[in-house]
Amino acid sequence: MGDVRDEVRRRYAEAATSVTRAATAAPAQDCCGGTCGADAETTRFGASLYDATALAGIPVEAQLASLGCGNPVAVADLRPGERVLDLGSGGGIDVLLSARRVGPTGFAHGVDMTDEMLELARDNAARAGATNVAFHRGTIEDLPLPDASVDVVISNCVVNLSPDKPRVLAEAFRVLAPGGRLGISDVVAEDRLTPEQRAKRGSYVGCIAGALSQSEYVALLAASGFVEADVTLTHAVADGMHGALVRATKPAAAPTTEENR
């Protein structure tokens, strides 16, 4: 587990550093840290997946640092006054977009394990003049937030990078208030692919080899206590691998985290 996490941290630190150097260049179609899958021509990652009008006022540095595979802010259907948490917040693009959606009565948190990304995200928040945001150092397997402290958990192409996905989903369930929502973008495999076949399509940092299948994702969400779980494939990123929208809800009268273990 440590080797995978160290490699992900290293690659995302490099991505943050390169953004600082390339802030005046056009955004590239990156592949979750710079490693594309076998079918690179069909891979779609980065700020190009957002509506251009939604990015108005978002610092170019945040756009350049976007290594995601979708738009979780739109997936989560954020509402004014809600508290949002972005898992693996990177350069902060989804936190800043969330803060805009929830307005001054809401709040947007980001959690990231890479110091360089956290520094970039905080700089981006200052550039955007966002005051209802906070970025925390931590891992998505051990979130530095209290129980039932947010209304919505989002993430953009990060859960697939974790070597302990059941723990990630259990932590998301823990920090959500009863009735809270999970709305994330991720890379998901078709059920027909074995783990070995997924591994041939790319690296962990390339968001391919570590991906769950559709049925595995739904089963893990249910095991964590979520209901109304749905995994919808949206666009191909490699043979049998897709960007996907993942939605689920924490029951309004939910059992405790301990009862779900």
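Residues numbered from 1 in each chain as written. Predicted model: local features only at pLDDT ≥ 70, side-chain atom pairs only at ≥ 80, totals over all residues. Heavy atoms only, no water.

Visitor: Explain the pairing of strand E3 (residues 133-137) to me, using residue names and the numbers behind them.
Guide: Summarising the sheet, strand E2 (residues 107-112) and E3 pair through five bridges and their orientation is parallel. Paired with Val111 across the strands is His136, a residue of E3. Each parallel crossover has a hand, and the one from E2 via helix H5 (residues 115-128) to E3 is right-handed. (Pairing = 2+ DSSP bridges. Helix = DSSP H or I, 4+ residues; strand = E, 2+ residues; numbered from the N terminus. Right-handed = clockwise from strand over helix to strand, strands pointing away.)

Visitor: Break down the packing of aromatic side chains for me, with residues and values.
Guide: The full count for this structure, using the stated rule, is one aromatic pair. Here the aromatic rings of Phe173 and Phe226 are separated by 5.2 Å at their centres, their planes lie at 90 degrees, and the arrangement is edge-to-face. Residue Phe173 is located in helix H6 (residues 165-175), and its partner Phe226 is located in the loop between helix H8 (214-224) and strand E7 (227-238); the two are separated by 53 residues in the primary sequence. In this structure, Phe173 and Phe226 share a single accessibility class: buried. Positioned over the ring face of Phe173 is Lys250, at 4.6 Å from the centre of the ring. (Phe/Tyr/Trp six-rings, centres within 6.5 Å; stacked < 30°, edge-to-face > 60°. Buried < 20%, exposed > 50% of the residue type's maximum accessible area, 1.4 Å probe, protein only. Lys NZ or Arg CZ within 6 Å of the ring centre and 35° of its normal.)

Visitor: Provide a residue-level description of the nonpolar core, including the pertinent values.
Guide: Counting residues in each nonpolar core, the largest one holds 27 residues, and the members touching the most others are Leu85, Val153, Leu182, Tyr217, Leu221 and Phe226. Only strand E1 (83-87), strand E4 (150-156), H6, strand E5 (176-189), H8 and strand E8 (241-249) provide two or more residues apiece to this core. Ranked by residues supplied to this core, first place goes to H6 with five residues. (Core = buried A, V, L, I, M, F, W, Y, C linked by side-chain atoms within 4.5 Å.)

Visitor: Explain unusual backbone geometry to me, using residue names and the numbers behind them.
Guide: Phi at Asp77 takes a positive value of approximately 50 degrees, unusual for a residue other than glycine. Secondary-structure assignment places Asp77 in the loop between helix H3 (72-76) and E1. In this structure, Glu228 is a non-glycine residue whose phi angle is positive, near 55 degrees. Tracing the sequence through the fold places Glu228 in strand E7.

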